[in-house]
Amino acid sequence: MAVYLTRARAGVALAGLLVALAGCSVPGPGEAPDGIHDPQEATNRRIHAFNKSLTGGAGQGGGVIAAIPQPVKAGVTNFADTASLPQTVANQILQGRLLRASRNTLRFTVNATLGLAGLFDVASPLGLPEDESDFGETLYVWGLPEGAYMELPVLGPSTERDAVGRFVDLFTDPLYYLLPSPDRYYGTGARVAAKVIKLDDYGDQIDALMNDSADSYAQLRLIWLQNRRFELGDDRAGGEDYIDPEALDTEGF
């Protein structure tokens, strides 16, 4: 525990430094039409083209993922959710959301025990639904500006604030420091597998977005920002949710 707290404090301190260095940009008058601040659009479009080449044909894979029985898929995604809960709790404590942190602690306890190490979601029917959080949300609660929109290689859509949050989250997973090797890597592997499963589940929608849109970059940017702002409770969120935002998050690939 002491090791984790030391590394976690270091991660939070590093986040402050990175935020200061990055200086999440705030748009000036007329710089964010329709609520979208994208000063590096040309670079982002080149990265989008690269990412698009990686995800092309997401709904045409059929094969391996589609052949996996649904109960197995559910078990993987349930385990991934359970493994991510300690980090969610840590972020919610940093956000001052102690009630949500307490509920997620109870959800973790129930699913890790009655749910057979998280393979079954026993907690949701008991009134403890899935409730995720990350350090990008923590920075939002602390009042850090969203900054410019950016598309990261492989990882996909983000903002300056969320990019810093992703980096800090790499160092603040309690299970990584509390579990021995190789057990500490099971959660990470499950989260990657869960992303692959969700990508396959929403493959047809992603194909339609990437290949049938007149401007897939602008469409993805709009949908992702709407979904992310809605998740955070940002009053700029609006519009229809076309695709589950998790299906657009390819982190871990």
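Preceding this section is the structure that the text describes.
Calculation criteria
Residues numbered from 1 in each chain as written. Predicted model: local features only at pLDDT ≥ 70, side-chain atom pairs only at ≥ 80, totals over all residues. Heavy atoms only, no water. Buried < 20%, exposed > 50% of the residue type's maximum accessible area, 1.4 Å probe, protein only. Helix = DSSP H or I, 4+ residues; strand = E, 2+ residues; numbered from the N terminus. Pairing = 2+ DSSP bridges. Salt bridge = Lys/Arg side-chain N within 4 Å of Asp/Glu carboxyl O.

S.K.: Which parts of the structure should I look at to understand helix H7 (residues 160-169)?
M.R.: What sets the pattern is the α-helix's 3.6 residues per turn: residues three or four places apart point alike. The element H7 is largely enclosed, with a buried count of 7 among its 10 residues. Buried residues of H7: Arg161, Asp162, Val164, Gly165, Arg166, Val168 and Asp169, and no others.

S.K.: Mind showing me how you'd approach the pairing of strand E1 (residues 149-152) here?
M.R.: Every regular strand shows the same layout, with side chains that alternate between the two sheet faces. Where E1 meets strand E2 (residues 156-159), 4 bridges bridge the pair, whose relative direction is antiparallel. Across the sheet, the residue bridging to tyrosine 149 is threonine 159, located in E2.

S.K.: Looking at this model, I keep getting lost on the pattern of salt bridges. Mind explaining?
M.R.: Oppositely charged side chains are able to pair whenever their charged atoms sit close together. Counted by the stated rule, this structure contains 14 salt bridges. The shortest N-O distance in the salt bridge between arginine 45 and glutamate 41 comes to 2.9 Å. Placement of both arginine 45 and glutamate 41 in helix H2 (residues 41-55) is noted, with a separation of 4 residues, approximately one turn of the helix. Since its relative accessible area comes to 28%, glutamate 41 is described here as partly exposed. Among the ionic pairs, glutamate 137 bridges to arginine 97, the shortest N-O distance being 2.6 Å. Of this pair, glutamate 137 sits in helix H6 (residues 135-141) while arginine 97 sits in the loop between helix H4 (70-94) and helix H5 (98-113), placing them 40 residues apart in sequence. Each of Asp38, Glu41, Arg45, Asp215 and Arg221 takes part in one network of salt bridges that share partners.

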